[in-house]
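Coordinate inspection notes
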Amino acid sequence: MRAVKRSGRRYALAGLAVRTGPDATTAESRGVPVPVRRGNGAHRRRRGEQPMVPEAEFSSYYGRPVIKEPVWRTPDVPGYFFLGGLAGASSVLAAGAQLSGYRKLARVGKVGALGAISLSTVALIHDLGRPGRFANMLRVFKPSSPMSVGSWLLAAYGPVAGAAAVSEVTGILPGAGLAATLGAGLLGPGVATYTAALICDTAVPAWHEGHREMPYVFAGSAASAAGGLGLLAVHPAEAEPARDLAVLGATVELIAKRQLLARLGDLAEPYETGTTGAILRVAEFLTAGALAGAVLGGRSRAVSALSGASLIAASAMTRFGIFEAGMASARDPKYTIVAQRRRRDGRGMN
Amino acid sequence: MSADPAGLAGYLEHPPRMGFFTDTSICIGCKACEVACKEWNAVPEDGLSLTGMSYDNTVGLGASTWRHVAFIEQPVSAVGDGAEGVRWLMSSDVCKHCTEAACLDVCPTGALFRTEFGTVVVQDDVCNGCGYCVPACPFGVIARREEDGQAHKCTLCYDRLGAGMEPACAKACPTDSIQFGPLDELRERARGRVEDLRAAGQDQAQLYLNDPDDGIGGGGAFFLLLDQPEVYGLPPDPVVTTRDLPEMWRHVAIAAAGLAATAVALGLGRRK
């Protein structure tokens, strides 16, 4: 009955006398917003039958989604977000380690960045409906399209990160290698964070409404993954910048993710329920544990490596969780309709 | 009057903005629009199944469905004798050809473009199937076709417009529920129609996407509805996502600058 009371409207039925006055008090005369929720059986509702579900606070078209679910596939696209973040932040780590004389760590950062960006580019192209037309991404430059900006960023970053890694491993052209290392360190942050704008610049409620916090979640997640790679691959005595990066990144990620969920309010539900909720809780637990491990047990090779591996896994799980939460919010019309109705009613219209 | 998307897109001289006014109050659910669209545009068959959703076995707009007639059955009671009745709502949905079109904004290849008529069209020979337009659309209109991996949607019969003809769906509509013409004229006509309907007791009659100040700058295709938009599967308050993009870029820039500053701090901090 809630729905009926909320809407309080009366249907004017053409060709029949219509009850519109204040005496129109029965539910039937006010009409029932149908089809409601999942639709099945809604049209069979008879007068006097109570609406069963309190979710009938909103109407939808047979429970069909309002927006289209993204066609982006798992693991391609969330994998790309994770690997792109790992690559970009690894270049940050490599540049920092190079300047401060942590040679082994710099090498891990450069090689890791090249490996991650290569894999992520393959994932990205594989996800296209027409992979053969990948080059069309560079046909125009559009700041209104995060994917266009990202394509150009990747086109600049990939070769530079590659040059840094090749020079590091082969030892040729060390001067150019240093320039490439610093260049990749400059472009890497863009590669690691633009993907937040990419998913938020959609009509997907659980992504779009989090657009103020998502870039910090992605930056933190990327930094913790890259720091984790350093902790995993290098002895802790030679990985201090990696520990700094991991601690900073994990802290930023944990805080930003909390703020994201607080901002989303009801729209946080897909992040907190079901398999996706479990994945994100495990990711948070792993990140917090690894943070403690990196800070307290930093001298132990085993603890340090375990913390690093946990951070990498947590970063991947975070991206997959955020991806799936958005997909779920696109599939269920309630996230689109209820939030928009609230916004519209808040403006005093209707 | 209405915004000039074609002028903003760079057409120095262009015809008036053309669009659809779909008056659902006189839709009879014949689906001639769906058939005419499929036939004229050679849109492939995309499923033949019974859904149980009233007379709607088309389900929704998609890569191979550019017109979709929605059927809604609402139980209502007649007055006095207590007899039951059903109010049957029918509405032919289509791409809205938004003034501020998210699909066009986010398309990274330029495959989606603004025509001289102010409409939004996909170029089949450019689209690489990235899929970004699909979740960007606040109405769930555009989609990627499995068979060719590319995005497709209503072109407002760009080819017919170029030859001075009206779109196939409007041509086929037997009741003029689908009206085609210069957008300014359609808006004027729609205002009169909704006033008439309200005066006749249809107090739920409302125009949808006719307002140039709404979240998409008004639709090139707009509607007269007899119930709330969500009853027809339409979003109640759509806002083009790119309105928030400057703020997104600002936060991305701050986050990226933070990461870059971290590199510097790591470089200048501890010394080995």
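Right, let's walk through the structure included here. Since we're looking at a predicted model, the values are computed, not measured.

Quick notes on the rules
Residues numbered from 1 in each chain as written. Chains lettered and ligands numbered in written order. Predicted model: local features only at pLDDT ≥ 70, side-chain atom pairs only at ≥ 80, totals over all residues. Heavy atoms only, no water. Salt bridge = Lys/Arg side-chain N within 4 Å of Asp/Glu carboxyl O. Helix = DSSP H or I, 4+ residues; strand = E, 2+ residues; numbered from the N terminus. Buried < 20%, exposed > 50% of the residue type's maximum accessible area, 1.4 Å probe, protein only. Contact = heavy atoms within 4.5 Å. Nonpolar A, V, L, I, M, F, W, Y, C, P; charged D, E, K, R; others polar. 1 Å grid on protein atoms, 1.4 Å probe; cavity = no way out; pocket = protein on both sides within 12 Å on 5 of 7 lines; lining within 4 Å. Points joined across faces, edges and corners; volume = space filled by probe spheres on them. Expected span 1.5 Å × (residues − 1). Pairing = 2+ DSSP bridges. Axes fitted to C-alpha atoms, helices over the stretch in contact; angles between N-to-C directions.

Once that is clear, we can look at the pattern of salt bridges. Evaluation of the coordinates by the stated rule reveals 22 salt bridges over all chains. For R343 of chain A, the salt bridge goes to D237 of chain B, with nearest N and O atoms at 2.8 Å. Remark: D237 of chain B occurs in the loop between β10 (221–225) and α8 (245–268) and R343 of chain A occurs in helix α13 (residues 333–346); the pair is interchain, linking two chains. Among the residues examined, D237 of chain B registers a relative accessible area of 7% and is labelled buried. Residues joined in a network through salt bridges with shared partners are R103, R107, K110 and E168 of chain A.

So, about the interface of chain B and chain A. One frequent convention defines the size of an interface as the accessible area lost when the parts assemble. Between chain B and chain A, the residue contacts involve 93 residues of the former and 90 residues of the latter. At the junction of chain B with chain A, the criterion picks out three salt bridges. Those elements giving two or more residues to the side of chain B that touches chain A turn out to be β2 (67–77), β3 (84–94), α3 (102–106), α4 (133–136), β6 (143–144) and α8 of chain B. Looking at which element gives the most residues to the side of chain B that touches chain A, the answer is α8 of chain B, with 15 residues. Among the residues forming the side of chain B that touches chain A, the class breakdown is 48 nonpolar, 27 polar and 18 charged.

Turning our eyes to something else, we now look at empty space enclosed by the protein. Residues and elements named next belong to chain A. In total, this model carries eight cavities of 30 Å³ or more according to the counting rule given. Approximately 180 Å³ is the volume found for the largest cavity. In this structure, the largest cavity is lined by 16 residues; those nearest its centre are Y80, L124, M137, M147 and L198. Elements that contribute at least two residues to the lining of the largest cavity include exactly α3 (76–100), α4 (103–127), α5 (146–170) and α6 (174–200). Across the lining of the largest cavity, the residue classes tally to 14 nonpolar, one polar and one charged.

A cis amide bond links T74 of chain A with the next residue in sequence, P75 of chain A, at an omega value of 5°. Summarising the element assignment, P75 of chain A is placed in the loop between α2 (27–30) and α3. The phi dihedral of H97 of chain B is positive, around 45°, even though this residue is not glycine. Its location among the elements puts H97 of chain B in the loop between β3 and α3. Backbone geometry at L209 of chain B places phi at a positive 70°, although glycine is not the residue there.

Here we take up α5 of chain A. Under the 1.5 Å per step criterion, the end-to-end length of α5 of chain A is 35 Å for 25 residues, consistent within 8% with the ideal 36 Å. The positive-phi residue at the C-terminal boundary of α5 of chain A is G171 of chain A, with phi of around 80°.

Another point: the sheet that holds strand β9 (residues 206–208) of chain B. Residues and elements named next belong to chain B. Spatially, four strands are ordered β8-β1-β10-β9 in an open sheet, and the strand pairing comes out mixed. The sheet terminates laterally at β8 (178–182) and β9, the two strands that pair on one side only. Neighbour to neighbour, the strand axes of the sheet diverge by 20° on average, direction disregarded. Relative to β8, strand β1 (residues 18–23) is paired through five bridges, and the arrangement is antiparallel. Note that in β8 the partner of G19 across the bridge is G181. Most of the contacts of helix α7 (residues 183–199) go to β8, to which it runs at about 140°, and overall it touches β1, β8, β9 and β10.

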